[in-house]
Amino acid sequence: MDAHVTTLLTAFILFYFGLGPVKGFATTQIIGILLSLFCGILVSRWVSDIFTDKKKHLEYFTGISQKIFKHAKYKFIEYRKIAYVISMIVLALGIASYFNGFDQGVEFAGGRSYVVKFDQKVDVEAVRNDLKAGFDGESPIIKTIGDNSTLDITTAYMIRDNSPGIDAKVEGKLYEGLKKYLPAGMTFEQFEAGAGKIGKQASKKVLPTISDDLKSGAVKATIFAILVIFLYIFIRFRDWRYSLGTIVALLHDVLVTLAVFSRSEEHTSELQSRVDISYAV
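All values reported here derive from a predicted model rather than from experimental measurement.

Calculation rules
- Residues numbered from 1 in each chain as written.
- Predicted model: local features only at pLDDT ≥ 70, side-chain atom pairs only at ≥ 80, totals over all residues.
- Heavy atoms only, no water.
- Helix = DSSP H or I, 4+ residues; strand = E, 2+ residues; numbered from the N terminus.
- Contact = heavy atoms within 4.5 Å.
- Phe/Tyr/Trp six-rings, centres within 6.5 Å; stacked < 30°, edge-to-face > 60°.
- Buried < 20%, exposed > 50% of the residue type's maximum accessible area, 1.4 Å probe, protein only.
- Lys NZ or Arg CZ within 6 Å of the ring centre and 35° of its normal.

S.K.: So what about the overall build of the protein? Which residues, and what values?
M.R.: Counting its regular elements, the protein contains 11 helices and 4 strands. At a minimum sequence separation of 6, the contacts of the protein that also span at least 24 residues come to 67%.

Have a look at this one:
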């Protein structure tokens, strides 16, 4: 219950301070937690009551688990110093990763996203390589919508260039990179208008200024979430050491995540070129 409540409080804070994908993630998390509580508390009790009323025995162990835990003696405390050393190394890597920087997604770095429909299925890797060449080495993020005949193409190419006509220039580069996959004779004007339901179907642009608002909201949400969790656990267990231990554990997990996802820009672009990436915060 306490784990669910603290997570629910965090989700409400994310929803209040977050923008765009952060608010969407918070909404999904709130729904998931409420459903989990409903199933874990109410449905599970109903099932247990049914079995109890019928005087049926609930078997919680399998043959394998019985063998594993029959004479279980795991020396967690004895090896704590080794765990401390490993945690300190991971924490150091996590802190260092912050200064190393991250290859951020379009919501944080800014970028343009286009939904393009083709008259046949296309090779996503071939499309990515052709666009990368057209975008001066900037590897786009490509996701399929339904099948390989409709692609969501996202790029940060020239996103910080505010000169007049830059949007049209980027779309021109997009058209040139996709030209050989489009019907023969399709002009740029037809591609841009999505003539015959082929070509560009939709587009959106996220400016770096908007991404700064996302970052600011995320920082505020993080600070308030830590304070709320600290206060809730302090009130719940009446001991500040439980609160402090929880916050340290959360920071540990965050730094571990940062260490795992911190990569050089070149390595991350290569990873993105091989995996369809959904938006994450």
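S.K.: Account for the packing of aromatic side chains, with residues named and values stated.
M.R.: Scanning the entire structure with this criterion turns up 6 aromatic pairs. Between Tyr16 and Phe17 the ring centres are 5.0 Å apart and the planes differ by 85°, which places this aromatic pair in the edge-to-face class. The exposure class of Tyr16 is exposed, given its relative accessible area of 67%. Take Phe17: its relative accessible area is 21%, and that puts it in the partly exposed class. Taken together, a centroid distance of 5.5 Å and an interplanar angle of 35° make the contact between Phe237 and Tyr242 tilted. Feature note: the residues Tyr16, Phe17 and Phe224 constitute an aromatic cluster, connected by ring pairs. The residue whose ring lies beneath Lys23 is Phe15, and the NZ or CZ to ring-centre distance is 5.1 Å. Lying across the ring of Phe237, Arg236 places its NZ or CZ 5.2 Å from the centre.

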